[in-house]
Amino acid sequence: MVLAAAAPAVAQTTKPKKIFVDADAEGMAGVFHVTTQVMPITAPRYQENRKLITGELNAAIAGFFDGGADAVHVADYHSGGNTVAPLELDPRALAGNSI
């Protein structure tokens with residue numbers, strides 16, 4: 001005789017995995033001179049800095065989604081929200097400076 005007991009299926013609810021990224025230029029890879037790269041917006045290497053931070057954010061966003069994130073929110077808090085190049089940011093992320 002074989003006895004089998006089946007436990008009732010328990011509905012598991014999982015919360016969405018949401019990631020918040022506070023983007024700021026200081027401490028970012030590739031920044032080695034704040035005066036010429038980061039401050040002010042007219043710094044000689046500022047456009048290079050924008051490419052670096054946007055590229056770094058895109059790599060992080062891709063990694064978050066690859067790791068199972070459901071939503072990624074990016075806030076650009078450096079220099080009034082003028083550092084990240086929004087048109088070059090991964091379109092899966094929600095971006096702004098007041099999220």
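**A short note on helix 2 (residues 46-66)**
- Taking 1.5 Å per residue, 21 residues should reach 30 Å; helix 2 reaches 30 Å between its end C-alpha atoms and fits that length.
- Where helix 2 is concerned, the buried positions are Tyr46, Asn49, Ile53, Thr54, Leu57, Asn58, Ile61 and Phe65. Buried residues of helix 2, seen end-on, are gathered within an arc of 165 degrees and therefore sit on one face of the element. Turned more than 90 degrees from where helix 2 packs its buried face, Lys51, Ala59 and Asp66 sit exposed.
- Tucked inside the fold, the buried residues of helix 2 contact strand 1 (18-23), helix 1 (34-37) and strand 2 (71-76).
- Where helix 2 ends, the next residue or the one after it, Gly68, has phi of about 105 degrees, a positive value.

**Topic: the confidence of the model for the protein**
- Of the residues in the protein, 83% have a pLDDT of 70 or more, and the chain-wide mean is 80.
- Confidence drops under pLDDT 50 across residues 1-6; counting only partners more than four residues distant or on other chains, this segment forms zero contacts.

**Quick word on the environment of Tyr46**
- You can see Tyr46 is positioned in helix 2.
- The sequence separation of Tyr46 and Thr83 amounts to 37 residues, and the corresponding C-alpha distance is 8.4 Å.

**Comments concerning the pairing of strand 2**
- In terms of residue burial, strand 2 counts as a mostly covered element, since five of its six residues are buried.
- Two elements, strand 1 and strand 2, share six bridges in a ladder whose sense is parallel. Within strand 2, the residue paired with Lys18 across the bridge is Ala71.

**Some thoughts on the nonpolar core**
- Core analysis: the largest hydrophobic core is formed by 16 residues, its most contacted members being Leu57, Ile61, Val72 and Val74.
- Secondary-structure elements contributing two or more residues to this core are strand 1, helix 2 and strand 2.
- The element that contributes the greatest number of residues to this core is helix 2, accounting for four residues.
- Other than its neighbours up to four places away in sequence, Leu57 contacts Val21, Ala23, Val74, Val84 and Leu89.

**Looking at the side chain of Asn49**
- With respect to the helices and strands, the residue Asn49 is situated in helix 2.
- Here Asn49 falls in the buried class, since its relative accessible area comes to 0%.
- The contacts of Asn49, once residues within four sequence positions are left out, are Ala25, Met28, Val31, Gln37, Val38 and Thr83.

Rules used throughout
Residues numbered from 1 in each chain as written. Predicted model: local features only at pLDDT ≥ 70, side-chain atom pairs only at ≥ 80, totals over all residues. Heavy atoms only, no water. Helix = DSSP H or I, 4+ residues; strand = E, 2+ residues; numbered from the N terminus. Expected span 1.5 Å × (residues − 1). Buried < 20%, exposed > 50% of the residue type's maximum accessible area, 1.4 Å probe, protein only. Arc of directions from axis to C-beta. Contact = heavy atoms within 4.5 Å. pLDDT = per-residue confidence, 0-100. Pairing = 2+ DSSP bridges. Core = buried A, V, L, I, M, F, W, Y, C linked by side-chain atoms within 4.5 Å.

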